[in-house]
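Below are the chains, spelled out letter by letter.
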Amino acid sequence: MPDPTTSSEGYLTLPISIPPLPSYPVQVTHYVYLRRNAPKIATPNDSRSVYLVNVPVDSTDAHFRALFASLVGAGRFESITFEQEKRGHKASHEPAQAERLAKHHKKRKREDEELQETKDEAAAELPDTWTRELHRSGSYAVALLADEKSVDLVLKAVKKLRKSKKYPIWGEGIKDGVSPLGSQWLKAHNKLSYPGNDVVQAVVDAYFTVFNRKEEEAQQLAKRLRNEPDEDGFVMVTRGSRNAPARRDEAEEAKQKMLDKQQKKKDETQDFYRFQLREKKKAEQMELLKKFDDDRKKVQAMREKRGKFRPEA
């Protein structure tokens, strides 16, 4: 069996000592694998981020803040993003029609309106039923540090642990209160799973307020788009009838706009590249040579025909 403390594929091994619990009174060692963050799609914070694999299932922001403080001192750690936070997708409150129309047209709103809508949507969310989330076994996380120097210090400190064998203790040095696990955690979950009728009613009212507002905005947008051709000259098909029957002159005008736009685009891109100019000149020369050759053949044919002609005596 390979030694879990050895590094592989560019990862360093960070051993963490898990203290004994009343339910399992044995001290164990958990191994977290880390390296510099190098995602496929680069971000501005990659140089000061650390990629962690196999984080403990009960990890929190406070746990890793205390862990990095024990390695390189306080003030180096900023935040951490866990796997489910990156993959998390909140359900949309928008009706199906509003969500479809929003892809084609997005109305600009004032800052105070956007702030109020954000508050309304937050009020429409169901309350959490867990006081503390657990993570999937073997999941990953990305820790954001203060600067690139902090990343170098963390990697050096992890390398020294293999020699000293003094592993950091998980949960030691946590200053902020962290919700306990075990039976208290399950009791709190059972209590939060049955909120009062007034809480549920407030969430339902907020949800339908947001839903009705978005549905009304979608209807107004659809009504405006029924008689409004797009940049290609087409009228978007929406639910419901037109405000008035389409006239022939409207269709002809939309068609002419579309043809004008196509001609403009063609004129703009016709002589844009040099090779197009060369090909155009070459084609003109070939056309002239072809016409010259055709004229020469016609003249030759006329000469032959005239030579054979003999007037009657």
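Preceding block: the structure.
None of the values given here were measured: they were computed from a predicted structure. (Residues numbered from 1 in each chain as written. Predicted model: local features only at pLDDT ≥ 70, side-chain atom pairs only at ≥ 80, totals over all residues. Heavy atoms only, no water.)

Chemist: With reference to specific residues and values, describe the side chain of glutamate 83.
Modeler: Take glutamate 83: it is sitting in helix H2 (residues 83-87). Engagement of the side chain of glutamate 83 in a polar contact is seen with the side chain of arginine 136, the distance being 2.8 Å. Contacts of glutamate 83, omitting those with residues within four sequence positions, involve Arg136, Ser139 and Tyr140. (Helix = DSSP H or I, 4+ residues; strand = E, 2+ residues; numbered from the N terminus. Polar contact = N/O pair within 3.5 Å; in protein donor to acceptor, adjacent residues only side chain to side chain. Contact = heavy atoms within 4.5 Å.)

Chemist: I'd like to hear about the pattern of salt bridges, residue by residue, with values.
Modeler: Enumeration over the complete set of coordinates arrives at nine salt bridges. Note that aspartate 152 is salt-bridged to arginine 36, the shortest N-O span being 2.1 Å. Taken together, the residues span a long stretch of sequence, with aspartate 152 in helix H5 (residues 148-164) and arginine 36 in strand S2 (residues 28-36) at a distance of 116 residues. Accessibility expressed as a relative area gives 27% for aspartate 152, which makes it partly exposed. The class of arginine 36 is partly exposed, set by a relative accessible area of 36%. Between aspartate 61 and arginine 65 there is a salt bridge whose closest N-O contact spans 3.3 Å. (Salt bridge = Lys/Arg side-chain N within 4 Å of Asp/Glu carboxyl O. Buried < 20%, exposed > 50% of the residue type's maximum accessible area, 1.4 Å probe, protein only.)

Chemist: Could you give an account of unusual backbone geometry, with specific residues and numbers?
Modeler: The phi dihedral of asparagine 54 is positive, around 65°, even though this residue is not glycine. Among the secondary structure elements, asparagine 54 is positioned in the loop between strand S3 (49-53) and helix H1 (61-72). With a phi close to 60°, lysine 165 is a non-glycine residue in the positive phi region. Relative to the assigned elements, lysine 165 resides in the loop between H5 and helix H6 (183-192). When its relative accessible area of 52% is taken as the criterion, lysine 165 is described as exposed.

Chemist: I'd like to hear about a positive patch on the surface, residue by residue, with values.
Modeler: Together, Lys149, Lys156, Lys159, Lys160 and Lys163 make up a positively charged patch on the protein surface. Relative to the helices and strands, lysine 163 resides in helix H5. The class of lysine 163 is exposed, set by a relative accessible area of 76%. (Patch = residues over 30% accessible without salt bridge, like charges linked within 9 Å, V, L, I, M, F, W, Y side chains within 5 Å. Areas by Shrake-Rupley, 256 points an atom, 1.4 Å probe, with all protein chains shown as cover. Lys, Arg positive; Asp, Glu negative; His and termini not counted. Charge placed at Lys NZ, Arg CZ, Asp CG, Glu CD.)

Chemist: Describe the pairing of S2, with residues and values.
Modeler: Strand direction decides the pairing type here: strand S1 (residues 12-18) and S2, joined by seven bridges, are antiparallel. The residue bridging threonine 13 from the neighbouring strand is tyrosine 33, located in S2. One ladder, built from four bridges, connects S2 with S3; its direction is antiparallel. Bridging across to S3, leucine 34 finds its partner in leucine 52. (Pairing = 2+ DSSP bridges.)

Shape descriptors only; they carry no functional weight alone.
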